[in-house]
Amino acid sequence: MNERLLDKIDSPKDLKDLSFEDLNCLAGEIREELIQDVSKTGGHLAPNLGVVELTVALHYALESPKDRIIWDVGHQCYVHKMLTGRRQEMKHIRQKGGISGFPKRAESEHDVVDTGHSSTSLSFAIGLSEAMKKCGKEGKVAAVIGDGALTAGMAYEALNHGGHLKSDVMVILNDNEMSISPSVGSFSAYLSRVRLDSHYVSFEKEFEQRLKNIPAIGERMYEIGKHIKSSIKQLIVPGMLFEELGFKYIGPLDGHDIETVARNIQMAKDLDTPVLIHVVTRKGYGYKPAEDNPNKFHGTSAFDIKTGLAISKAAAPSYTEVFGDALVEIAEKDKKIIAITAAMTSGTGLDKFAERFPDRFYDVGIAEQHAVAFAAALALGGLKPVAAIYSTFLQRAYDQVIHDVCLQDMDVVFAIDRAGVVGEDGPTHHGVFDISYLSTIPNMVVMAPKDENELRHMLKTALEIKGPVAVRYPRRNGLGVKLEPAKVLETGRSEVLRDGQDVAIVALGTMVKTALDSADILAKHKISATVVNARFAKPLDEELLVALAQQHRLLVTVEENALWGGFGSNVLRMLMTNGVFCPALNLGLTDDFIPHGTIDELLDMQGLSSEKVAARIEQRLNKMSPTLASEAQGKLFKNLRKAFLSKINVFE
Ligand SMILES: Cc1ncc(C[n+]2csc(CCOP(=O)(O)OP(=O)(O)O)c2C)c(N)n1
């Protein structure tokens, strides 16, 4: 077997002596291996296939790590990882203990900054370039940003500032006309016009070639020609929006032509002003199923290379699908319902809604802040907006949630998908703070369903409640329960699912099933547990919680959210405010950024598998002093228990 070029590449330095022909062969080898690897691990295939040549060109033309390459979002960093000494580790990318699917400073000196959320690259590039200048460090800073990421406000804030500072940064705009679904907005339309008017580039190439072909003086004239070109460009490139913002514009270039891209990067490297190089690529390039369906292959699970079909098929529908179907169903009867996504139409399950009610659906681009303020305004105008946003991305719109929605008690429903740990995408994507950050806001109601059927009820309830409501649900398949007609639940009321004497386990959302399973395990150890589905993180079911605390030896809360500021800590604060002091155990996510791995692995690591929850409860009961236990089970306990049982509807 012929030795492959790829086998000789341990670091970007190894690219420097290769010819452009070799670099093209190398790109082919990278593409092949990438498809092989990702077909087994899952991951962001289409974005990476689209940047194979661009990444090779960047590492050929720049000198990482002296020059700093910042990947926006970071989901397209796989080729970069392969070229920077992590090729073997690609076999375990995104798996527990393996390398991350995003840039990680801890992994390599070539990873400049940890990313996962979109549109931060330009701010980092500008800031880093300023710091390097002030600290006397050599090197160029390049940010690679997609046309999707360029729909976010943060990117424009940085362009505005970088142009003003005349920062020595290079922005590579990777324009593939796609966000996850097609890019939206007037800026995308502008880029299309620029792409269509691309006669400039062929003219530029021809111009360069002609100059270089002149014997003896050609190279020198080419150098001078670079400057002439800038002025010609002023006349013929349409719009020149970036130039107006203070960035020298180069492009559009064919992003799959390594030589063209590399030469332009080399040229731009010598300029000490802000430069934007516009490269046009095709998402999924070189693998037909991904080219045909870049949306599906944006992020994929393991798949069969021949067919492109996913290897595993879920038994029950996901919470996302159930939400999408329920919203269509409810919206059939209520014309005021509007759905909003921030560039995540299929991810949030809104594709059916978009198809059924195109006039009532808005994809605002990667613009969570705008999405929330826009939703507030729709509510102000008398509509019923449902903003479907992942828990982790809603963090970006926190001020809009407070200032534009809650402060004015607007009727906005937040459908918060990917709440809890999300698995392989890791710490940038885990949705583990929303209960904390939403429960603190006045007027906000926060719910979490115990299963996919309850999600339907909660959506219906949210649309009935006046004022802002958040329903948080996980990136998981449902439990496979029967789906019933959606009904309105009583606000702030929990549901008692199982009656016991020793311990009361109050669980929220996904943790309800875990709590029930733990109760089964505890029963085998002669510990009898009451299990409550909290339903609401806010308002709390105070009456029930007080009774539970008084009538059991131990009160346990379980949630898939950060313990700090989470549901459990709010329950304990409420009990103390009411003068109720009880032995308690808060179970939830520790004060750490949780790594990547499968959801089950991560929950187990966090002590939130049913076995570990049961063991932790048993351990705590064993540790409790007999005095405390007997006090709690004393006279007061018996009287209150009688009253309690008369009030609740066990197994409602
Ligand atoms: C703040 C934020 N919102 C949403 C996302 C989800 N997301 C990840 S990649 C992506 C599309 C990015 O498109 P683009 O920048 O054009 O890159 P491409 O995948 O097309 O290469 C989106 C919406 C995110 N990472 N961060």
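For the structure, check the block above.
Let us look at the structure shown here.

The rules behind these values
- Residues numbered from 1 in each chain as written.
- Predicted model: local features only at pLDDT ≥ 70, side-chain atom pairs only at ≥ 80, totals over all residues.
- Helix = DSSP H or I, 4+ residues; strand = E, 2+ residues; numbered from the N terminus.
- Buried ≥ 20, exposed ≤ 12 C-beta atoms within 10 Å, placed from the backbone.
- Axes fitted to C-alpha atoms, helices over the stretch in contact; angles between N-to-C directions.
- Parallel < 35°, antiparallel > 145°, perpendicular 65-115°, else oblique.
- Left-handed = near helix turned anticlockwise from the far one by under 90°.
- Contact = placed C-beta atoms within 7 Å.
- Nonpolar A, V, L, I, M, F, W, Y, C, P; charged D, E, K, R; others polar.
- Expected span 1.5 Å × (residues − 1).
- Arc of directions from axis to C-beta.
- Core = buried A, V, L, I, M, F, W, Y, C linked by C-beta atoms within 7 Å.
- Pairing = 2+ DSSP bridges.
- Near = placed C-beta within 6 Å.
- Domains from an automatic or database assignment.
- Right-handed = clockwise from strand over helix to strand, strands pointing away.

### Overview of the overall build of the protein
Here is step 1: Scanning the protein from terminus to terminus reveals 26 helices and 17 strands.
Here is step 2: Residues counted as buried form 51% of the 652 residues belonging to the protein.

### Regarding the packing of helix 3 (residues 52-61) against helix 11 (residues 258-269)
Here is step 1: For the pair helix 3 and helix 11, interaxial distance at closest approach is 8 Å and the crossing angle is 40 degrees. As far as their axial angle goes, helix 11 and helix 3 are oblique. Between helix 3 and helix 11 lies a crossing of right-handed hand. Contact residues: Glu53, Leu54, Val56, Ala57, Leu58, Tyr60 and Ala61 in helix 3; Ile258, Val261, Ala262, Ile265, Gln266 and Lys269 in helix 11.
Here is step 2: Considering only residue class, the contact of helix 3 with helix 11 consists of 10 nonpolar, one polar and two charged.

### Observations concerning helix 6 (residues 153-165)
Here is step 1: Helix length check: helix 6, at 13 residues, gives a terminal C-alpha distance of 18 Å against a target of 18 Å (1.5 Å per residue), a fit within 8%.
Here is step 2: Buried within helix 6 are the following residues: Ala155, Ala158, Leu159 and Gly162. Along helix 6, the residues classed as buried sweep out an arc of 105 degrees about the axis, all on the same side.
Here is step 3: The inward-facing, buried residues of helix 6 abut helix 5 (121-134), strand 2 (141-146) and strand 3 (169-175).
Here is step 4: Count one or two residues on from helix 6 and you reach Lys166, which has phi positive near 55 degrees.

### Observations concerning the nonpolar core
The nonpolar side chains of a soluble globular protein tend to be buried, and buried together.
Here is step 1: Val171, Ile277, Ile340, Ala371, Ala387, Ile505 and Val506 are the most contacted members of the largest nonpolar core, which totals 181 residues.
Here is step 2: Discounting residues that sit within four places of it in the chain, Ile277 has contacts with Met170, Ile172, Leu173, Ile250, Gly251, Leu253, Asn264, Ile265 and Ala268.

### What about the sheet that holds strand 1 (residues 68-71)?
Here is step 1: Taken together, the five strands give an open sheet; going across it, the order is 1-2-3-5-4, and neighbouring strands pair in parallel fashion. The sheet is open, and its two borders are formed by strand 1 and strand 4 (248-254), each paired with just one other strand. The sheet shows a mean angle of 20 degrees between the axes of neighbouring strands, direction not considered.
Here is step 2: The pairing of strand 4 with strand 5 (residues 275-280) spans five bridges and is parallel. Paired with Ile250 across the bridge in strand 5 is Ile277.

### Quick notes on the site of the ligand
Here is step 1: Within the structure, the ligand sits among 24 residues, and Pro47, Ser118, Gly146, Gly148 and Ala149 are positioned closest to it.
Here is step 2: When grouped by side-chain class, the residues that make up the shell around the ligand number nine nonpolar, 11 polar and four charged.
Here is step 3: When residues of the shell around the ligand are sorted by domain, at least three fall in each of domain 1 (5-10 + 18-197 + 237-292) and domain 2 (319-472).

### Section: the pairing of strand 13 (residues 503-507)
Here is step 1: Counted residue by residue, strand 13 has five buried out of five residues, so it is predominantly covered.
Here is step 2: Of the two faces of strand 13, the one holding Val503, Ile505 and Ala507 and the one holding Ala504 and Val506 are both buried throughout.
Here is step 3: Sheet topology places strand 13 next to strand 14 (residues 529-533); five bridges connect them, and they run parallel. Counterpart to Val506 in the pairing with strand 14 is Val532.
Here is step 4: In this fold, the crossover linking strand 13 to strand 14 by way of helix 20 (residues 511-524) has right-handed handedness.

### Observations regarding the sheet that holds strand 8 (residues 384-390)
Here is step 1: Overall, mixed pairing links the seven strands, which are arranged 7-6-8-9-11-10-15 in an open sheet. Unpaired on one side and paired on the other, strand 7 (361-363) and strand 15 (536-538) mark the two borders of the sheet. Averaged over all adjacent pairs, the angle separating strand axes in this sheet is 20 degrees, with direction ignored.
Here is step 2: Bridge analysis of strand 6 (residues 337-341) against strand 7 gives three bridges, and the strand direction is parallel. Across the sheet, residue Ile340 finds its bridge partner in strand 7, namely Tyr362.
Here is step 3: Strands in contact with helix 15 (residues 368-380) are strand 6 and strand 8; relative to strand 8, the strand with the most contacts, it is inclined by about 165 degrees.

### Focus: the environment of Gly382
Here is step 1: Take Gly382: it is sitting in the loop between helix 15 and strand 8.
Here is step 2: For Gly382, a count of 8 C-beta atoms within 10 Å corresponds to the exposed category.
Here is step 3: For Gly382 and Lys336, which are 46 residues apart along the polypeptide, the C-alpha to C-alpha distance reads 7.8 Å.

### Digging into the environment of Val613
Here is step 1: Position of Val613 among the secondary structure elements: in helix 24 (residues 610-623).
Here is step 2: When near neighbours in sequence (up to four residues on either side) are disregarded, Val613 contacts Thr514, Ala515, Ser518, Val558, Leu587 and Leu608.

### Concerning the pairing of strand 9 (residues 413-417)
Here is step 1: The element strand 9 is largely enclosed, with a buried count of five among its five residues.
Here is step 2: Because side chains alternate across strand 9, one face comprises the buried residues Val413, Ala415 and Asp417, and the other comprises Phe414 and Ile416, equally buried.
Here is step 3: Strand direction decides the pairing type here: strand 8 and strand 9, joined by five bridges, are parallel. Bridging from a neighbouring strand, Tyr390 pairs with Asp417 of strand 9.
Here is step 4: Bridge count for strand 9 against strand 11 (residues 469-472) is four bridges, and the pairing is parallel. Along strand 11, the bridge assignment pairs Val413 with Val469.

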